[in-house]
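Architecture at a glance
Each chain, letter by letter, is given below.
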Amino acid sequence: MSSTDAVTFWDDVYAGRPAADGPRPNARLTETVTGLGLPPGEALDLGCGEGGDALWLAGQGWRVTAVDISAVAVERLTALARAHALADRVLAERHDVQESFPSGAFDLVCAHYLHTPFGLDRSTVLRTAAHALRPDGRLLIVDHGSTAPWSWNQDPGLRYPSPLEVAAGIDLNPATWTVERADAPRRVASGPDGSTAEVTDHVLLIRRTG
């Protein structure tokens, strides 16, 4: 399917949801940044969606570049950043990350649930993200490890690669990048309709050491 199809699909997904005044950040982001005591710096949010992660990071003092293939998502985040007096810390840009990638060097790159029904060479995108890190920067990848009832993909045969399989696919030089975390914790999540379910996350944290 074409890039135009992907844009239309994701625009429709976000347009079909009511705009949230205060979208929640992802739990694995807040626990990672807080738990590691990461000082505020430059962050890149890949697939920013509703904007909860970008707004939370900006509220902690980070300067955030947030990107999404959906113009609807980007426009909503831009408006939310203004409404929360965070416009000076949040730059929202529309990118199809297979075709264009935001410029700059970052202390944190996060990619939460960067899944799509369209063709995406995730390993190449995530490798590019790793190379955009400054020394001692972190790449946080959080993937679905199970199918939530509200997921757009309800294929019963769907297999979720483990964090170490994702790391192997990115194929980074261990002399420069170190895997700091690779696990599959469970949590109770809330869907767009307010329903809840226990889900598994696949969490991969990689640090650039040189």
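Residues numbered from 1 in each chain as written. Predicted model: local features only at pLDDT ≥ 70, side-chain atom pairs only at ≥ 80, totals over all residues. Heavy atoms only, no water.

1. Here we look at the packing of aromatic side chains
Counted only if it meets this: Two rings belonging to Phe, Tyr or Trp (six-membered ring only in the last case) form a pair when the distance between their centres is within 6.5 Å. Interplanar angles under 30 degrees mark stacking, angles over 60 mark edge-to-face geometry, and anything in between is tilted. In DSSP terms, a helix is any run of H or I states spanning at least four residues, a strand is any run of E spanning at least two, and both are numbered starting from the N terminus. Each residue's exposure class comes from its accessible area (1.4 Å probe, protein chains only) as a fraction of the maximum for that residue type: buried when under 20%, exposed when over 50%, partly exposed otherwise.
As enumerated under the stated definition, the model contains three aromatic pairs in all. Centroid distance Phe 9 to Phe 118: 5.4 Å. Interplanar angle 70 degrees. Geometry classified as edge-to-face. Remark: Phe 118 occurs in the loop between strand S4 (106-112) and helix H5 (122-131) and Phe 9 occurs in helix H1 (residues 3-15); sequence separation between them is 109 residues. Taking relative accessible area as the criterion, Phe 118 reaches 13% and is therefore assigned buried. Grouping aromatic residues by their ring pairs yields a cluster made of Phe 9, Trp 10, Tyr 14 and Phe 118.

2. Notes on helix H2 (residues 27-36)
Given 3.6 residues per helical turn, the α-helix brings residues three or four places apart onto the same face. Which entries qualify depends on this criterion: Summarising the geometry, the arc corresponds to the directions from the helix axis toward the C-beta atoms. Note on definitions: a residue-residue contact is assigned when non-hydrogen atoms from the two residues lie within 4.5 Å.
Those residues of H2 lying buried are Arg 28, Leu 29, Thr 32 and Val 33. When H2 is viewed along its axis, its buried side chains cluster within an angular range of 120 degrees and face the same direction. Turned more than 90 degrees away from the buried face of H2 sit Thr 34 and Gly 35, all of them exposed. The elements touched by buried residues of H2 are helix H3 (52-59), S4, strand S5 (133-144), strand S6 (177-183), strand S7 (186-190) and strand S8 (196-208).

3. Quick look at the packing of H5 against helix H6 (residues 163-170)
How we decide: In this description, a line fitted to the C-alpha atoms serves as the axis of each element, helices being fitted only across the stretch in contact, and the angle between N-to-C directions of two axes falls anywhere from 0 to 180 degrees. Convention used here: angles under 35 degrees read as roughly parallel, angles over 145 as roughly antiparallel, angles from 65 to 115 as roughly perpendicular, and any remaining angle as oblique. We call Asp, Glu, Lys and Arg charged. Ala, Val, Leu, Ile, Met, Phe, Trp, Tyr, Cys and Pro are nonpolar, and the rest, Gly among them, are polar.
The interhelical angle for the contact between H5 and H6, taken along N-to-C directions, is 75 degrees, at an axis separation of 8 Å. On the basis of their axis angle, the class for H5 and H6 is roughly perpendicular. Across the interface between the two elements, Arg 122, Ser 123, Leu 126 and Arg 127 of H5 pack against Val 166, Gly 169 and Ile 170 of H6. Residue classes in the contact of H5 with H6 are distributed as three nonpolar, two polar and two charged.

4. With respect to helix H4 (residues 71-83)
Just so we agree on the cut-off: A helix is expected to span 1.5 Å multiplied by its residue count minus one. Any pair of nitrogen or oxygen atoms within 3.5 Å is treated as a polar contact; in protein, a donor-acceptor pairing is required on top of that, and neighbouring residues in sequence qualify only through side-chain atoms on both sides.
In this model H4 runs 18 Å from its N-terminal to its C-terminal C-alpha over 13 residues, within 8% of the 18 Å that 1.5 Å per residue would give. What H4 keeps buried is the set Ala 73, Val 74, Leu 77, Leu 80 and Ala 81. Buried residues of H4 fall within an arc of 130 degrees about the axis and therefore sit on the same side. Counted as exposed and oriented over 90 degrees from the buried face of H4: Glu 75, Arg 82 and Ala 83. With a side-chain oxygen positioned 3.2 Å from the backbone nitrogen of Val 72, the residue opening H4 is Ser 70. Phi for Ala 85, located one or two positions after H4, is positive at around 55 degrees.

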